[in-house]
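Take a look at the letters that make up each chain.
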Amino acid sequence: MTISGKTRVCAIIGDPVQHSLSPVIHNAAFNEVGLNLVYVAFNVGVTELKDAILGAKTLGIHGLNITMPHKHSVMNYLDKINMTAKNIGAVNTILNKNGILIGYNTDGAGAMLALKENGICTEEKKLVLLGAGGAAKAIAYQAAQEVEELVILNRTVEKAKQLAKILHSFNAKVIGKMLSNNVLYKELTTANILVNATSVGMYPDNNNSPVPSDLLTSDLCVMDIIYNPLNTKLLNDAKYAGAKTVSGVDMLIYQGAVAFEIWTKCTAPVEVMKKAALNELINRV
Ligand SMILES: NC(=O)c1ccc[n+]([C@@H]2O[C@H](COP(=O)([O-])OP(=O)(O)OC[C@H]3O[C@@H](n4cnc5c(N)ncnc54)[C@H](OP(=O)(O)O)[C@@H]3O)[C@@H](O)[C@H]2O)c1
């Protein structure tokens, strides 16, 4: 792509941000669709966030992704926040619509799309979600609108119970419990889908899994939202047990695809985005 006076800018803001895959994914998508857009990364510390967002608005930055540690605090500097992001209490995508900054959260939609695009039906299913942190909360909001039963398991049980309580108005039966091997044994026996949204198994913790391997069966569909490593111990154990598996890269791609569509109103070239992400991850090893 040739950068010209008409090129518009999208960016990711976070701290640290150098290892983000988003520039590679979105630049590949912009090129594929032939859009005069470029995507860069800005390392912005906590005390610089307000100036960075006001600066982005002044400069007419077209779209932003927001990552750790700013997903919650950025909400203070936006003109509008869509209902999903408000409910989740976190924004990961911003659209600059003629000088009005609008916040969205695409993590939950991305996770559920990743399941569906891998042929995993979520309707009338029981989903066991591990974790009650930022990513788990976004997934829980979306899942509670789609599945029949949602069981949230977390090391700090109060967070799981609190999250379940907030979701009581959705269609699904939602409960929060302690993440323990006994509870896993009981809940996984009747579950269809297992999603790990804890950081257990993430680099450099590669040899750990939040679920004992003997609790995994071929009846389960297992998604690990961790994408570093690409094949976590949980996913390897699940494959060995004969379960269908979905990697964290798929959630990353689909949350990015939803953001792409918010910014461009074009259909996201998902396969191109995925290929770019996988190439980058493989080259980094
Ligand atoms: N694929 C994607 O697009 C995508 C998007 C976002 C995040 N992620 C990944 O998802 C993971 C979670 O991210 P996050 O932003 O939600 O982090 P977070 O807000 O810090 O939440 C971390 C979660 O992991 C749990 N946890 C941490 N260490 C644990 C341990 N030793 N045993 C049991 N539970 C433990 C925490 O439980 P407590 O509440 O008890 O501390 C909490 O539920 C990270 O690996 C991140 O890279 C992937």
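Residues numbered from 1 in each chain as written. Predicted model: local features only at pLDDT ≥ 70, side-chain atom pairs only at ≥ 80, totals over all residues. Heavy atoms only, no water.

A. The pairing of strand E8 (residues 149-154), seen in detail. Along E8, six of the six residues are buried, which leaves the element largely enclosed by surrounding structure. Of the two faces of E8, the one lined by Glu149, Val151 and Leu153 and the one lined by Leu150, Ile152 and Asn154 are each fully buried. Relative to E8, strand E7 (residues 126-130) runs parallel, the two being bridged by five bridges. Across the sheet, Lys126 pairs through a bridge with Glu149, a residue of E8. (Buried < 20%, exposed > 50% of the residue type's maximum accessible area, 1.4 Å probe, protein only. Helix = DSSP H or I, 4+ residues; strand = E, 2+ residues; numbered from the N terminus. Pairing = 2+ DSSP bridges.)

B. Structural detail: the packing of helix H1 (residues 22-33) against helix H9 (residues 248-264). Relative orientation of the contacting elements H1 and H9 amounts to 50°, with a least axis distance of 11 Å. For the element pair H1 / H9, the angle class is oblique. Taken as a pair, H1 and H9 cross one another with a handedness that is right-handed. Facing Ile25, His26, Ala29, Phe30 and Val33 of H1, the residues of H9 in contact are Leu252, Ile253, Gly256, Phe260, Trp263 and Thr264. For the contact of H1 with H9, the class distribution of residues is eight nonpolar, three polar and no charged. (Axes fitted to C-alpha atoms, helices over the stretch in contact; angles between N-to-C directions. Parallel < 35°, antiparallel > 145°, perpendicular 65-115°, else oblique. Left-handed = near helix turned anticlockwise from the far one by under 90°. Contact = heavy atoms within 4.5 Å. Nonpolar A, V, L, I, M, F, W, Y, C, P; charged D, E, K, R; others polar.)

C. Main features of the environment of Asn279. Mapped onto the elements, Asn279 comes out in helix H10 (residues 270-284). Residues Asn279 and Asp214, spaced 65 residues apart in sequence, show a C-alpha to C-alpha distance of 33 Å.

D. Representation of the sheet that holds strand E11 (residues 221-224) in the model. Pairing is parallel in the open sheet, where six strands are placed in the order E9-E8-E7-E10-E11-E12. Looking at strand neighbours, the two that pair on one side only are strand E9 (173-178) and strand E12 (244-246), the edges of this open sheet. Each adjacent strand pair in this sheet contributes to an overall mean axis angle of 15°, direction not counted. Bridge count for E11 against E12 is three bridges, and the pairing is parallel. In the strand pairing of E12, Met223 is matched with Val246.

E. Quick peek at the nonpolar core. Membership of the largest hydrophobic core comes to 61 residues, with the highest contact counts inside it found for Leu115, Leu127, Leu129, Leu150, Ile152, Leu167 and Val195. In terms of residues, this core owes the most to one element, H9, which gives 10 residues. In this structure Leu129 touches Ala136, Ile139, Ala140, Leu150, Val151, Ile152, Leu153, Val195 and Ala197, once residues within four positions along its chain are discounted. Of all hydrophobic cores here, the second largest spans 18 residues; its members include Val128, Leu215, Val222 and Leu234. (Core = buried A, V, L, I, M, F, W, Y, C linked by side-chain atoms within 4.5 Å.)

F. Local environment of the pattern of salt bridges. Scanning the model with the defined rule gives 10 salt bridges in all. In this structure, Lys71 engages Asp107 in a salt bridge whose closest nitrogen and oxygen atoms are separated by 2.9 Å. Of this pair, Lys71 sits in the loop between strand E3 (63-66) and strand E4 (80-81) while Asp107 sits in helix H4 (residues 107-117), and the two are 36 residues apart along the sequence. Note that Lys173 is salt-bridged to Glu149, the shortest N-O span being 3.9 Å. With a gap of 24 residues between them, Lys173 in strand E9 and Glu149 in strand E8 connect regions that are remote in the sequence. Here Lys173 falls in the exposed class, since its relative accessible area comes to 51%. Each of the salt bridges in this network shares a partner with another, and the network as a whole consists of Lys126, Lys177, Lys186 and Glu187. (Salt bridge = Lys/Arg side-chain N within 4 Å of Asp/Glu carboxyl O.)

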